[in-house]
Amino acid sequence: MRAAGRWVLASALACGLAASAQAATVVTAARVHTLDPAQPRAQGLVFDDDGKILAVGGRADLLHLYPKAKHVDLGAATIVPGLIDAHAHVFELGINQLQADLTGARSKAEAVQRLRDYARTLPDGQWLIGHGWDQNDWADARFPEAADLDAAFPDRPVWLQRVDGHAGWANSAAMRAAGRELSGDWQPDGGRIVRGGDGRATGVFIDDAMFLVERARPPLQAAAVEQALSLGMQAAARHGLTGVHDAGVDLNTLRAYQRLADRKQLPLRITAFAAGDGDALESLCRDGLYQHASGRLKMRTVKLYADGALGSRGAALLQDYSDDHGNRGLLRMSPEAMAKAIAKAKRCGVQVATHAIGDRGNREVLDLYANALGADAAKSDHRWRIEHAQILAPQDLPRLAALHVIASMQPTHATSDMPWAEQRLGPRRIDGAYAWRQLRDSGARLALGSDFPVESVDPRLGLFAAATRTDAEDKPQGGWHPEEKLTAYEALRGFTLDAAYAGFAENEVGSLTVGKRADFVVLAQDPLAVEPRALRELTVLGTYVDGAAVWQRSGEGR
């Protein structure tokens, strides 16, 4: 480590930092994976009381350079840069802890029994709100109906979001509360009311049709919004996340984040996306890109929706669903509305991130981006994104790199969807689905996340899925479409440096480099040395933001 020591010494002296050694903290461990190509491995880092990294290098060199600094020795542990989830939903993760949980229910009967148990805790007349149902996990994989709920809840309104957040299941009381006739042959823009042969609503609402019922729900108070955000952030920190790109935040939720930031109650960094062409985007255009003085909260991105989700057959496809002939999904925003919102964002200097699942949805977004960017696609630092980029036609795969568009993808979607995805798409289209390797090799940058609470908040599962493409039982053997696997290093980079880049934060976080913030995770094992199947079993010992522990395993750390 002598060369590394000389580099550390020269860097520290050049920055005039040696004199402030007494105000510094030296953290050492068996190994540090910096994700800095200039110095990929080290044994420790030094940061000041403000959480800024002063030096990175060998243990002996750092202790020699900073003899009066506080020293924390983490022994055989491994330090990696703080993990960043590039696409998630913090409020939804938190609010789900305050609702009925149907995740993993293996039948409608089990779901209804869970709801009965939960309803015993509710006052009479209060809505029963829940989440997490997935008909694909049931022996009868058809959508449920209001009648399945009505016997248990004839008077109490019940509203249940599907696991992907792209469909809702209501009982008759909730549909009555919507206050309008739901029967007929009409459909709302960007959504679909599922109806029976008699034209009556069955109780399932796809994508923007969900608003018909959600508008009737009693509104949450400000304190409940703050509580949900706090619960979501605490769960993220427990799993090693130091940053989250919160994909879809209205102005009310941004204000709640700001209040928490003002009270120093943000345990991690939130990169919030304005929710659609709404009040938050108006605020960015009127007042400029936003960043809180703490550096823990910013908004400079707008989240748009091209289509729905594959599990609820709302993803927009170029051809029919293989298991639902005549259905090609839906566009949640018309191309005209998307073009208008994209042009507005470009005028305001706002990054565009668009949800696109199906091959038609992705093509529409790529076409609109190409038209809006024009010659700027190659020369501007726009960093526009496609969120999910889940199913791409072969001719569209190379277009992301050509347009300098980031593929913001979620590895656990592949391992969750693999039991039924090919039924939806057929054997040919599946070759362009969840195509991490094809996209990365084409030159596109991959920012990785989870889409929690659609999937688990645990980034270890994302690292595992990316490197193995198997489920928790190591099936299928060798991985599902194993040609699309990433290496453990590529997966780690997707959750660190590439996620930081996607949020215009690579000069602050994403690697452990002099001048950046001391955001890091302490692991009991080395994620770049264990077998890929062991990535899901990594032990998180501590999560640090600005050099301070925001979560620690009992008995560990400073």
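All values reported here derive from a predicted model rather than from experimental measurement.

### Some remarks on the packing of aromatic side chains
Under the definition given, this model contains nine aromatic pairs. Ring geometry for Phe-47 versus Phe-520: centroids 6.2 Å apart, planes at 45 degrees, classification tilted. Of this pair, Phe-47 sits in strand β2 (residues 41-47) while Phe-520 sits in strand β21 (residues 520-523), placing them 473 residues apart in sequence. Note on accessibility: Phe-47 and Phe-520 belong to one class, buried. Ring centres of Tyr-369 and Trp-384 lie 5.1 Å apart, and the angle between their planes is 65 degrees; on these two criteria the pair is classed as edge-to-face. Of the two residues, Tyr-369 sits in helix α12 (residues 359-373) while Trp-384 sits in the loop between α13 (376-379) and β18 (385-388), which places them 15 residues apart along the sequence. Neither residue differs from the other here; Tyr-369 and Trp-384 are each classed as buried. An aromatic cluster is defined as three or more aromatic residues linked by ring pairs; in this entry it consists of Trp-133, Trp-138, Phe-143 and Trp-169. In this structure, Arg-300 packs its charged tip against the face of Phe-504, placed 3.8 Å from the ring centre.

### Comments concerning unusual backbone geometry
Note on backbone geometry: most residues besides glycine have negative phi, and most peptide bonds are trans. Put simply, Phe-452 and Pro-453 share a cis peptide bond, and its omega is 5 degrees. Within the secondary structure, Pro-453 sits in the loop between β20 (446-448) and α18 (459-468). Pro-476 follows Lys-475 through a cis peptide bond whose omega is -5 degrees. By the secondary structure assignment, Pro-476 is in the loop between α18 and α19 (488-494). A positive phi angle, close to 55 degrees, is found at Arg-313, a residue other than glycine. Within the secondary structure, Arg-313 is located in the loop between β16 (297-305) and α11 (335-347). Residue class for Arg-313 comes out buried when judged on its relative accessible area of 17%. Although it is not a glycine, His-481 adopts a positive phi angle of roughly 45 degrees. Position of His-481 among the secondary structure elements: in the loop between α18 and α19.

Calculation notes
Residues numbered from 1 in each chain as written. Predicted model: local features only at pLDDT ≥ 70, side-chain atom pairs only at ≥ 80, totals over all residues. Heavy atoms only, no water. Phe/Tyr/Trp six-rings, centres within 6.5 Å; stacked < 30°, edge-to-face > 60°. Helix = DSSP H or I, 4+ residues; strand = E, 2+ residues; numbered from the N terminus. Buried < 20%, exposed > 50% of the residue type's maximum accessible area, 1.4 Å probe, protein only. Lys NZ or Arg CZ within 6 Å of the ring centre and 35° of its normal.

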